[in-house]
Amino acid sequence: MPQASSSLFIRLEFRLAEQLFHARWLPRSPRTQRLTMRLFQRCADAGHTTALSIYGHMLFHRAISPQDKAKGASYVLQAAHSGDIRAQYQAGCIYEHGCAQYPSRDDHAVTWYARAGEEGHPLAATRLAQAYRQGELGLAVDSQRAAYWQQLADQYVALPEVARGRPVHH
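No experiment lies behind these values; they were computed from the predicted model shown. (Residues numbered from 1 in each chain as written. Predicted model: local features only at pLDDT ≥ 70, side-chain atom pairs only at ≥ 80, totals over all residues. Heavy atoms only, no water.)

Asks: I'd like a description of helix H8 (residues 143-158), backed by residues and values.
Replies: Here H8 contains 16 residues, and its C-alpha end-to-end distance of 22 Å stays within 8% of the 22 Å for a straight helix at 1.5 Å per residue. Turning to H8, its buried residues number three or more, namely Ala146, Trp149, Leu152, Ala153 and Tyr156. Mapping the buried residues of H8 onto a view down its axis gives an arc of 130 degrees, with all of them on the same face. Facing away from the buried surface of H8 by more than 90 degrees, the exposed residues are Ser143, Gln144, Gln151 and Ala158. Of the surrounding secondary structure, the elements contacted by the buried residues of H8 are helix H6 (106-119) and helix H7 (122-134). (Helix = DSSP H or I, 4+ residues; strand = E, 2+ residues; numbered from the N terminus. Expected span 1.5 Å × (residues − 1). Buried < 20%, exposed > 50% of the residue type's maximum accessible area, 1.4 Å probe, protein only. Arc of directions from axis to C-beta. Contact = heavy atoms within 4.5 Å.)

Asks: Let's hear about the layout of surface pockets: which residues, and what values?
Replies: Roughly 210 Å³ of volume is contained in the second largest pocket. In terms of lining residues, the second largest pocket is bounded by 11 residues, among which Phe21, Gln33, Met37, Met58 and Arg62 are the most central. The set of elements that each furnish at least two residues to the lining of the second largest pocket consists of helix H1 (2-22), helix H2 (30-45) and helix H3 (49-62). In terms of residue count, H2 provides more of the lining of the second largest pocket than any other element does, 4 residues in total. (1 Å grid on protein atoms, 1.4 Å probe; cavity = no way out; pocket = protein on both sides within 12 Å on 5 of 7 lines; lining within 4 Å. Points joined across faces, edges and corners; volume = space filled by probe spheres on them.)

Asks: Tell me what's going on with unusual backbone geometry, and back it up with residues and numbers.
Replies: Positive phi outside glycine occurs at Leu137, with the angle close to 60 degrees. Summarising the element assignment, Leu137 is placed in the loop between H7 and H8.

Asks: Tell me about the packing of helix H5 (residues 85-97) against H6, and please be specific about residues and values.
Replies: In contact at an axis separation of 8 Å, H5 and H6 are set at 160 degrees when each is read in the N-to-C sense. In terms of orientation, H5 lies roughly antiparallel with respect to H6. Along this stretch, H5 crosses H6, giving a crossing that reads as left-handed. Between H5 and H6, the contacting residues are Ile85, Gln88, Tyr89, Ala91, Gly92, Cys93, Tyr95 and Glu96 on the first element and His108, Ala109, Trp112, Tyr113, Arg115, Ala116 and Glu119 on the second. Classifying every residue of the contact of H5 with H6 gives 9 nonpolar, 3 polar and 3 charged. (Axes fitted to C-alpha atoms, helices over the stretch in contact; angles between N-to-C directions. Parallel < 35°, antiparallel > 145°, perpendicular 65-115°, else oblique. Left-handed = near helix turned anticlockwise from the far one by under 90°. Nonpolar A, V, L, I, M, F, W, Y, C, P; charged D, E, K, R; others polar.)

Asks: Got a sec to walk through the nonpolar core? Specific residues and values, please.
Replies: Counting 47 residues, the largest nonpolar core has Phe40, Tyr55, Ile94, Tyr102, Tyr113 and Trp149 as the members making the most contacts within it. Contributions of two or more residues to this core are made by H1, H2, H3, helix H4 (66-81), H5, H6, H7 and H8. It is H3 that contributes the most residues to this core, 7 residues altogether. Residue contacts for Tyr113: discarding those within four places in its chain leaves Tyr89, Gly92, Cys93, Glu96, Ala124, Arg127, Leu128 and Leu137. (Core = buried A, V, L, I, M, F, W, Y, C linked by side-chain atoms within 4.5 Å.)

Asks: Which residues make up the pattern of salt bridges, and what values do they have?
Replies: In this structure the tally under the stated criterion is 6 salt bridges. Note that Glu13 is salt-bridged to Arg42, the shortest N-O span being 2.8 Å. Of this pair, Glu13 sits in helix H1 while Arg42 sits in helix H2, and the two are 29 residues apart along the sequence. Salt-bridge contacts for Arg15 lead to Glu18; the nearest nitrogen and oxygen are separated by 3.1 Å. (Salt bridge = Lys/Arg side-chain N within 4 Å of Asp/Glu carboxyl O.)

By themselves these figures say nothing about function.
Okay, structure coming up:
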């Protein structure tokens, strides 16, 4: 039973972190921001997939030190492996552009973009359409595959997130 109560506590901490992160009524003080980041980090360290994705994304894009950027990338990749499509898209970006711990790998980028694109991430599908149109990411120019990915991207943009089977997390 300790596992279940621990899991419930992590979910509650995550909800609090989300509320603090999106609260318009709460002043954006450094203290509130530190608390929010600590809550996201605790949840990510406990393996909460969405927290791994969100906190990893924030660390990767906002960190100053290479170690924090690498830690953010690691969190994003853990979330991607757990099936979070936003993290899968971010994993594609990480491998496309590279960073200290994760060098640029076109084959990995294509794999992650394809996973996210197949699951309903419009930016991932758009990126693959562009790559096939222009022969990027180590892919040969292929107008049929470009059209396939563009059609998926257009279809996803037309559907609300809930219709794609994903809960809305802002």
